[in-house]
Every structure is written in structure tokens, then in C-alpha cells.
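# Descriptive structure summary
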Amino acid sequence: MPLVKTWQLIAASAVAGLVLSAATVSVTGPWDSGQRKAERHRAASWSRMGGVDHGSGRLPEAAPSAPGVLSGLAAALQAEKQAGNPLGEQAGRQPGTGTGEGTGSGSDALAGALRPLFADPALGSLRSASVIDTATGRVLYEAKPREPMTPASTVKIATATAVLAALGPEHRFRTTVTPGAAPGQIILVGGGDPSLTARKKPPAGSGGSLVALAADTAQALKAAGTDSVSLGYDDSLYSGPARHPIGLNPNVAPLSALTADEGRLNDSLSGPADRSEDPSGDTARAFADLLADRGIKVTGAPAKARAAADAEPLATTLSTPLGGLVERMLTNSDNDIAEALARQSALASGQPGSFEGAGKAVAATLASLGIDTTGARFADGSGLDRSDKVSAGLLTALLAKAADPQRPELRPVLTGLPVAGFNGTLRSRNSGGSPAAGLVRAKTGTLSGVNALAGTVVDPSGRLLAFAFLAANTPGPEGAEKALDKLAAAVAGTR
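Here the residue index of a chain counts from 1 through its sequence in written order. For a predicted model such as this one, the threshold for reporting local features is a pLDDT of at least 70, and the threshold for listing and counting side-chain atom pairs is 80 or more; totals across whole chains, interfaces and linings nevertheless cover every residue. The basis for every side-chain value is the complete set of non-hydrogen atoms in the structure, without hydrogens or water.

### Some thoughts on the pattern of salt bridges
As a reminder, the rule being used: Any carboxyl oxygen of Asp or Glu that lies within 4 Å of a side-chain nitrogen of Lys or Arg is treated as forming a salt bridge with it. Helical segments are the DSSP runs of H or I of at least four residues, strand segments are the runs of E of at least two, and each set is numbered from the N terminus. Burial here depends on accessible area, computed with a 1.4 Å probe over protein chains only, as a share of the maximum for the residue type. Under 20% is buried, over 50% is exposed, and the range in between is partly exposed.
Summed over all chains, the structure comprises 13 salt bridges. The residue Arg 275 makes a salt bridge to Asp 336 at a minimum N-O spacing of 2.8 Å. Placement of the pair is Arg 275 in the loop between β8 (228–234) and α9 (279–293) and Asp 336 in helix α11 (residues 335–348), with a sequence separation of 61 residues. Side by side, Arg 275 and Asp 336 carry an identical accessibility label, which is buried. Salt bridges here are not isolated pairs; linked through shared partners, they connect Asp 278, Asp 282 and Arg 285.

### Focus on the side chain of Thr 365
Quick reminder of the rule: Here a polar contact is taken to be a pair of N or O atoms separated by no more than 3.5 Å, where protein atoms must pair a possible hydrogen donor with a possible acceptor and residues adjacent in sequence count only if both atoms sit in side chains. Whether two residues are in contact is decided by their heavy atoms, any of which lying within 4.5 Å being enough.
When you line up the elements, Thr 365 lands in helix α12 (residues 355–368). For Thr 365, a relative accessible area of 10% puts it in the buried group. One polar contact links the side chain of Thr 365 to the main-chain carbonyl oxygen of Ala 361, over a distance of 2.8 Å. Not counting residues within four places of it along the chain, the set of residues in contact with Thr 365 comprises Ala 162, Ala 165 and Ser 349.

### Digging into the packing of helix α7 (residues 156–167) against α11
Short version of the rule: Here an angle of 0 to 180 degrees is reported between the N-to-C directions of two axes, which are lines fitted to C-alpha atoms, with helices fitted over the stretch in contact. Note that the term roughly parallel is reserved for angles under 35 degrees, roughly antiparallel for angles over 145, roughly perpendicular for angles of 65 to 115, and oblique for everything else. Crossing handedness: left-handed means the near helix sits turned counterclockwise from the far one by under a right angle, and right-handed means the same turn made clockwise.
Two elements in contact, α7 and α11, have axes whose closest approach is 9 Å; the angle formed by their N-to-C orientations is 40°. Judged by the inter-axis angle, α7 sits oblique to α11. Of the two elements, α7 crosses α11, and the hand of that crossing is left-handed. Contact with α7, carried on its side by Lys 156, Thr 159, Ala 162, Val 163, Ala 166 and Leu 167, involves Asn 335, Ala 338, Leu 341, Ala 342, Gln 344, Ser 345 and Ala 348 of α11 and no other residues of that element.

### Remarks on the pairing of strand β6 (residues 174–179)
Threshold: In this analysis, strands are considered paired if DSSP registers two or more bridges between them.
By the bridge criterion, four bridges tie β6 to strand β11 (residues 315–318) in an arrangement that is antiparallel. Across the sheet, the residue bridging to Thr 176 is Thr 316, located in β11. Across four bridges, the pairing between β6 and strand β7 (residues 185–189) is antiparallel. Residue Thr 176 lies in a different strand from β7, and its bridge partner there is Val 189.

### Overview of the pairing of β7
The element β7 is extensively covered by neighbouring structure, given that five of its five residues are classed as buried. Residues Gln 185, Ile 187 and Val 189 point to one face of β7 and Ile 186 and Leu 188 to the other, with burial holding for every one of them. Sheet topology note: the β7/β8 ladder contains five bridges and is parallel. Bridge pairing in β8 places Leu 188 opposite Tyr 233.

### A few points about the environment of Ile 186
Structurally, Ile 186 is set in strand β7. Take Ile 186: its relative accessible area is 2%, and that puts it in the buried class. Considering only alpha carbons, one finds Ile 186 and Pro 313, 127 residues apart in sequence, at a separation of 9.8 Å. Discounting chain neighbours no more than four positions away, the residues touching Ile 186 are Val 177, Thr 178, Pro 179, Gly 180, Thr 217, Leu 221, Val 229, Ser 230, Leu 231, Gly 232, Leu 291 and Leu 314.

### Digging into unusual backbone geometry
At Lys 144, a position not held by glycine, the phi torsion is positive, near 45°. Looking at the secondary structure, you find Lys 144 in the loop between β5 (139–143) and α7. Classification of Lys 144 as partly exposed rests on a relative accessible area of 41%. Although it is not a glycine, Ser 333 sits at a positive phi angle of roughly 50°. Among the structural elements, Ser 333 can be located in the loop between α10 (322–332) and α11. Judged by relative accessible area, Ser 333 falls into the buried class, the value being 16%.

### What to know about empty space enclosed by the protein
We apply this condition: Method remark: on a 1 Å grid restricted to protein atoms, a set of points is classed as a cavity if a 1.4 Å probe fits but cannot get out and as a pocket if it is open with protein on both sides within 12 Å along at least five of seven lines; lining residues have an atom within 4 Å of a point. Grid points are joined across faces, edges and corners, and a volume is the space filled by probe spheres set on the points.
One pass over the structure, following the stated rule, counts four cavities of 30 Å³ or more. A volume near 160 Å³ is recorded for the largest cavity. Along the wall of the largest cavity there are 15 residues; nearest its centre are Pro 194, Ser 256, Thr 259, Asp 336 and Ala 340.

### A few points about the nonpolar core
Keep this limit in mind: The nonpolar core is taken to be a set of buried Ala, Val, Leu, Ile, Met, Phe, Trp, Tyr and Cys residues, with the residues joined through side-chain atoms within 4.5 Å.
By size, the foremost hydrophobic cluster in this structure holds 46 residues, and its most contacted members are Val 326, Leu 341 and Leu 366. Secondary-structure elements contributing two or more residues to this core are α7, α10, α11, α12, α13 (392–403), α14 (412–415), β13 (450–458) and β14 (464–472). Broken down by element, this core gets its largest block of residues, nine residues, from α13. Those residues in contact with Leu 366 that sit more than four places away from it in its chain are Ala 158, Thr 161, Ala 162, Ile 371, Thr 373, Phe 378 and Leu 398. Core analysis: the next-biggest nonpolar cluster, separate from the first, contains 31 residues, Ala 111, Leu 140, Ala 471 and Ala 490 among them.

Printed below as a string of C-alpha cells:
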């Protein structure tokens, strides 16, 4: 790997981690495509894609690296060279190839700090760990890194990587209205946009708007001299069971390619909530009301229909760019977005838009990136299904791939991770005076008896490290989370 690219990677990682502070979080403004505006533009300075929503469709040019950060890391670079392991070259064991506990060719000090923390009984009877240097691939600490375990929501890292690799961060999903086969009929066609909203005052951030779609549809109909229609709706993009295997649950709605506001029956934007049992029908009925508000009479009740494949849309609304959806999914651990993106991976790979198709597509896409998926199983996209199986080594390999300067399209996997002590599912964890506050970015994972944490941190030497800690049969979530947070803090603070 050329030295300049490694420098850019380290500089960007240091900036992304170290400049976060309470003041930054308070002034960066509302969410824009799932990531705070200031942080998204900072990411653009080190990524060809950047995840920023550019209306022009042109990719942003990379900004020059920050010289102050680079000069501050000169000592770390020199130390690596003197050790005979220049940054950018593979050194020591590849991540995830060991079966027991060890340090590979990494830091003895880090391993010494992690061993007693990893032995905490709060982490249950089955554990897996992997810590690697993303620039060199060196293993710094590992314990059963290839052990397939239930990952809970950390599987969203795999979902994010697969869909970004398949479609790219600028991709948008379309919700359209087309003419129907019957005279005077129009059809609302779902494109699987998980950001679609029917709210007249949309939530912060861009996304597909049913309100805007109704306005454009009404305008097109009136221009054609039509003020009365029948309404059909087409949600056929997905196949297989709509209900998640866990059954009726406030953490995820029935899966439909035509769903507004994630089927939520309240004004919430994230977290558990009562859900519609018929999100497609409810979305179509909301659309009919919006048309009526704009002078278009809808005769009869909306009914399922199939749009012609070659039908020319009367109106279209576009989702948040995929990079923003990935960020929102990871920051808030949004299960509905995760399941939608898993299905979009399936469709992009020529698989059916179902749980089974998504699992096959995610596994195949990750393998095509050079990720060892031995023993892995992707039963869903969100991690709610306990039959998901992922190893700690697989997770750190994915994070390292997202940090690769040659794979800028995967960068939202890193920029979407919650920041310890500041936002998302890490807002209240490793906060205050913790050495990890503002530095650790990680995806949480929690099911009954299962706790996990996987993410990145810039260590005191300026290295971008990826870590993953998975625990099963834990006696309780509170103790397990504290133990995981201590492990992350040790990775952040140990030279």
C-alpha cells in the first residue's frame, strides 16, 4: 500500500475521532441523510464518495490531508519503520486466522490490558475477540476469532458492507406512480425505500416524501384533465414471508416494499413502537388522502395491483442516498432499514427479495470482497434472528475493508457507527471522563443473553484499530455492556 494513502487514512481517522466533542455535537445541526452535516462533510474530505448528498450528481473532490495531524503522527510512522513494519505492508498473522487466544505480532501492552478485562464473568461462558491494525492487517489481540457466534445487531455491519458494495453510496430507491391498465387508474409502486414518509412535516433529513409524490401526481393528472382516479398499489418487489421470524414485534414492521414511516403507529423516528400489520395498504390509503387534499378524488378503496414493467411514471420520489441510509441504520440500530437493505442486496445480486435471498446475497457479496465467511450465516439483515452466525474476525475484516483507501464506497460503514458518549446507541456508554468518549465508534449488539460491540478507534499512536467482542450466555445486559465498554476503552487508551 503506498505510504501517502496510509497517511491519509490515519489522518482522516484521527480527525474523525479526535475532533468530536460535546460542543461539536451540539452545533452540527439536524440529520442530513442519516449523519450530522458537519461530520458528513468532514468525511468528504477523505473519501472520494464521502456519503454527502450532492444534488449535482458529481462526486466531490478529495480535500488535501490535514498537515497538522500528519506531523503529529510522524513519530508513530517512524517507529513503525524502525520496527521493520512500514505502514501499508502486511505484517504478522492475517486477522481472524487463529483459533485460541494470543497477540499475533501486535502490541503486548494492549494484549496485557485486554486479557483480564476479557475474563470478566459478566461476559458469559462463550466469547470471541479480535483487534487488528486496519492499515497493516496485523493482529493485536484475539481469542477464538473464528468462532461463529450470534452477533445480534453487529450483523448490521455485514448488511451495510454488502449493500454498499452492490449498489454504491449514491444509489437511491424510487417510489413511483404509474398509469394503470384500467381507464382512470393509477398505481402507487413501492421501490423498497425505507426512508419513505407520509408526514406532512417530514423528519429531519432527506428521504422519499409521499406528500411531494402526491403533489406531483396531482399536478400531472390535472395537466391531463383528470380529477378523479382509482388507486392501486404494487408492493410486489419483495417476496417470501413479510413477517420477521421473531413474529409480531415492536422492533420491526412487516417487511413491505411500500412502507411509509416504517409502519410506525406513533410519531417516533426510531426505537420500538407499535407497528401497522398492513403497511402497504396503510401507505396507499395515506396516499389517497393526500391526493384528495390536492383536489384529486379517489374512487373506491385502494387495492393491490401490478404495474406494467414498461409503464412511464407520472411522478417519482427518491430515497435518501444509500450512504445516508446505511449511516442512519448503524447509528440508530434501525432494524427496518436493515431488513430493507438486505433485500436490496438480494435484488441487486439477482436473488429474490426475501430473507433467504438476502442471506445468500450478503454472503456471496462479502466473499467477493475477499472476506472469509466460513461458518457465517445471515438469516436476516438486522440481527434480530438468533440463527445469525458471525465471528469476531469476520467483523474486524469488514471494518478494515471499509477503511481501505481503495474502497471509498464502503466508507459509510465507518462514518455511521455511533460515537461513544455522544450519539445513537452509544450516547450513554463510555461517556463523561472515559478515555473512549468521542474516540470509539462502534456498533452495539443486544439480545437476551447475547451482547456484542464492534467498531474502530484511533489509538494513542495514531493507528486506526478495528475491534470486535462477542459474548454469549451473559448473565445480564448491564454487566455485559460495562465489560464491553471497558474493553473498548482499553483499546482506545493503550499504546
